[in-house]
Amino acid sequence: MPVSILHVVGARPNFMKVAPVHRALAARGLAQTIEHTGQHYDAVMSEGILRELGLPEPDVNLGVGSGSHAQQTGQVMVAIEEHFSKARPDLLLVYGDVNSTMAATLAAAKAGITVGHVEAGLRSGDRSMPEEINRLVTDRLSQWLFTPSADGDANLLTEGADPASIRRVGNVMIDTLQRLLPVADGEEQLRQFDLRSGTGPKPFVLVTLHRPSNVDDPAVLARLMASLEKIAERAPVIFPVHPRTRERIARFSIPYARTVLSEPLTYLPFLGLQRHAAVVVTDSGGIQEETTYLGIPCLTMRANTERPVTVMVGTNQLLGSDTATMEREVARVLEGHGKKGSVPELWDGRAAERIADILART
Ligand code: UD1
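Right, let's walk through the structure included here. (Residues numbered from 1 in each chain as written. Predicted model: local features only at pLDDT ≥ 70, side-chain atom pairs only at ≥ 80, totals over all residues. Heavy atoms only, no water.)

Let us now look at the overall build of the protein. Regarding its fold elements, the protein presents 16 helices and 15 strands. Taking 21 Å as the expected radius of gyration for a compact globule of 362 residues, we find that the protein reaches 20 Å, a close match to that expectation. Seen through its C-alpha atoms, the protein measures out along the principal axes to roughly 55 × 40 × 40 Å. Residues classed as buried in the protein amount to 58% of the 362 residues present. Counted over contacts in the protein with a minimum sequence separation of 6, partners at least 24 positions apart contribute 68%. (Helix = DSSP H or I, 4+ residues; strand = E, 2+ residues; numbered from the N terminus. Rg over C-alpha atoms; globule rule 2.2 N^0.38 Å. Buried < 20%, exposed > 50% of the residue type's maximum accessible area, 1.4 Å probe, protein only. Contact = heavy atoms within 4.5 Å.)

Attention now moves to the pairing of strand β11 (residues 237-240). Of the two faces of β11, the one carrying Val237 and Phe239 and the one carrying Ile238 and Pro240 are both buried. Note: strand β10 (residues 205-208) against β11, 2 bridges, orientation parallel. Looking at the pairing, leucine 206 lines up with isoleucine 238 of β11. For the handedness criterion, the β-α-β arrangement of β11, helix α11 (residues 243-251) and strand β12 (residues 260-262) is classed as right-handed. (Pairing = 2+ DSSP bridges. Right-handed = clockwise from strand over helix to strand, strands pointing away.)

Positive phi is not limited to glycine here, since glutamate 119 has a value of about 85 degrees. Within the secondary structure, glutamate 119 is located in the loop between β5 (114-118) and α5 (130-141). At leucine 346, a residue that is not glycine, the phi angle is positive and equals roughly 70 degrees. For leucine 346, the position within the fold is in the loop between α15 (323-334) and α16 (351-361).

Around the ligand sit 18 residues, and of these Gln39, His40, Tyr41, Asn99 and Glu131 come closest. At 2.8 Å from an oxygen atom of the ligand is found a main-chain nitrogen or oxygen belonging to tyrosine 41. Here histidine 242 contributes a side-chain N or O atom positioned 2.9 Å from an oxygen atom of the ligand. Residue assignment for the shell around the ligand shows that the elements contributing at least two residues are α1 (12-27), α3 (69-86) and α11. Split into classes, the residues belonging to the shell around the ligand amount to 5 nonpolar, 8 polar and 5 charged. (Near = heavy atom within 4 Å. Polar contact = N/O pair within 3.5 Å; in protein donor to acceptor, adjacent residues only side chain to side chain. Nonpolar A, V, L, I, M, F, W, Y, C, P; charged D, E, K, R; others polar.)

Attention now goes to the environment of glycine 54. Note that glycine 54 resides in the loop between α2 (47-52) and β3 (60-61). We classify glycine 54 as exposed; its relative accessible area is 56%. Along the backbone, glycine 54 and proline 20 are 34 residues apart, and their C-alpha atoms lie at a distance of 9.7 Å.

Two elements in contact, α1 and α16, have axes separated by 8 Å at closest approach and are oriented at 45 degrees. Compared by their axis directions, α1 and α16 come out oblique. Considering only the axes of α1 and α16, their crossing is right-handed. Along its contact with α1, which presents Pro20, Val21, Ala24 and Leu25, the element α16 presents Ala352, Glu353, Ile355, Ala356 and Leu359. A class-by-class count of the residues in the contact of α1 with α16 yields 8 nonpolar, no polar and 1 charged. (Axes fitted to C-alpha atoms, helices over the stretch in contact; angles between N-to-C directions. Parallel < 35°, antiparallel > 145°, perpendicular 65-115°, else oblique. Left-handed = near helix turned anticlockwise from the far one by under 90°.)

With that out of the way, let us pick up helix α13 (residues 286-294). Most of α13 sits inside the fold, with 7 of its 9 residues counted as buried. Glycine 295 sits one or two residues past α13 and shows a positive phi near 75 degrees.

With parallel pairing, 6 strands are arranged side by side in an open sheet as β12-β11-β10-β13-β14-β15. What marks the edges here is a single partner per strand, and that holds for β12 and β15 (316-318). For this sheet, the mean inter-axis angle between neighbouring strands, taken without regard to orientation, is 20 degrees. As defined by bridge partners, β10 adjoins strand β13 (residues 279-282) across 4 bridges and the pair is classed as parallel. Bridge pairing in β13 links threonine 208 to threonine 282. Sheet contacts for helix α12 (residues 267-276): β10, β11 and β13; angle to β10, the most-contacted strand, approximately 135 degrees.

What is shown is where atoms sit, not what they do.
As C-alpha cells, this is what we get:
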C-alpha cells in the first residue's frame, strides 16, 4: 500500500476528477497531499470550484499561471522536482490531459516515482491538439493506467502498454456529477438567465467554446457566433465564456446581440444549467461525457473526440466546424427529435472507489 500519495492538479477539469479519488483514499486512511500548479488561477476557474467540490485547500500552490506550452510545462516540472527533493511521495496521481498533468508526470518519471494516471487511454488520434500529446506522454510514463471505458484499454494495448498496468475503473467525473446533482437544481440559474416559464424551464441552448481550433481564428469564431445569433432568434442561447474566448471575442470585435454571454460559471451553477438545457453546443471533453450521462443531446464542434463512447453509446454528435448542421440539429432538438443515448458501462459513481480498492491492495 502506498504510504504517501501526491495528487497534482492544475486546471478546471482536473478538480472534478481528483475530488472523488481524494475522498475514497481518505476513507481508507491513506496520507495524501494535493499540489495545485496554478495553471488556472481565476477565482471562478479554480478556488470557487475547489470549494464546491468539498476539496481541502491544496497543500501547495506552485503559482505557475498562464504562458506558452513550453513555459507552463517547464515551470511545473521545475517546481515539482523541487517539491520531490523535500517530500518524496510513494505515488503520484495525475488526472486528465492538461499541461500540468504531463509536466508532473515527466518530473516524477525522472525522479523514479511511480505514477498513476486517472482517465488513461483516451485518444483522439489528432496530434494537433496539445491534450493528445499530453495524453500520449502521460500514459507512456505511468505505471497505473486507470481507464474510463473499453476504448481506453484497447488504445493502450495497441501502443504496447503492459496489460497488468491497465485497470478499467469507470469515469471519476461521473462520480462527482452523481454526488452533486441533487444539490445543483439550477433554480437560481434559471431565474438569473430568465429561463423560467409557467410550465417549466424554457427550452434553451447552452454553449461552451474555448479550443484554439474554434476561437483562435477570427473567421471561424465569427462564423460560430453568427450561427449562435441565428439560433438565438428561436430559443435563448446561454454562453458562459472561458477567459481566452472572451479575450478573442473582444480582440476580433466579433458582434453579438441576442446570445447571452456570461462569466465562466463554477461547477454547481454550470451543472444546474446543464441539466435543464434542451441541447448543449461545446468543444469541451468533460461536457461530452456529462451530457451523455444526463441524456441531453450534445453537438460537439470538433472533427474528432477522444471520448468515442459518447458518440457510440451516448447523446453526442461530432459536427466539426459545420455551423449549418449545428443550426439544423439545434432546430431538430427543439422540435423534439434530439439524439437519444444510454449511459456507458461503469459510469456508475463508483470509479474512485475502485481506484482506492486497487491502491489499498498493493
Ligand atoms: C486548459 C487545458 C484544456 C482544458 C481547459 C479547461 C491544456 C493544454 N489545456 O486550457 O485541455 O479543456 O484548460 O478550461 O492544459 N486564463 C485566465 N484565467 C485562468 C486560466 C486561464 O484568464 O484562470 C486565460 C489566460 O489568458 C490563458 C488562457 O486562458 O493564457 C489559456 O489558459 P491555459 O491554462 O493555457 O489553457 P486553457 O485554454 O484554459
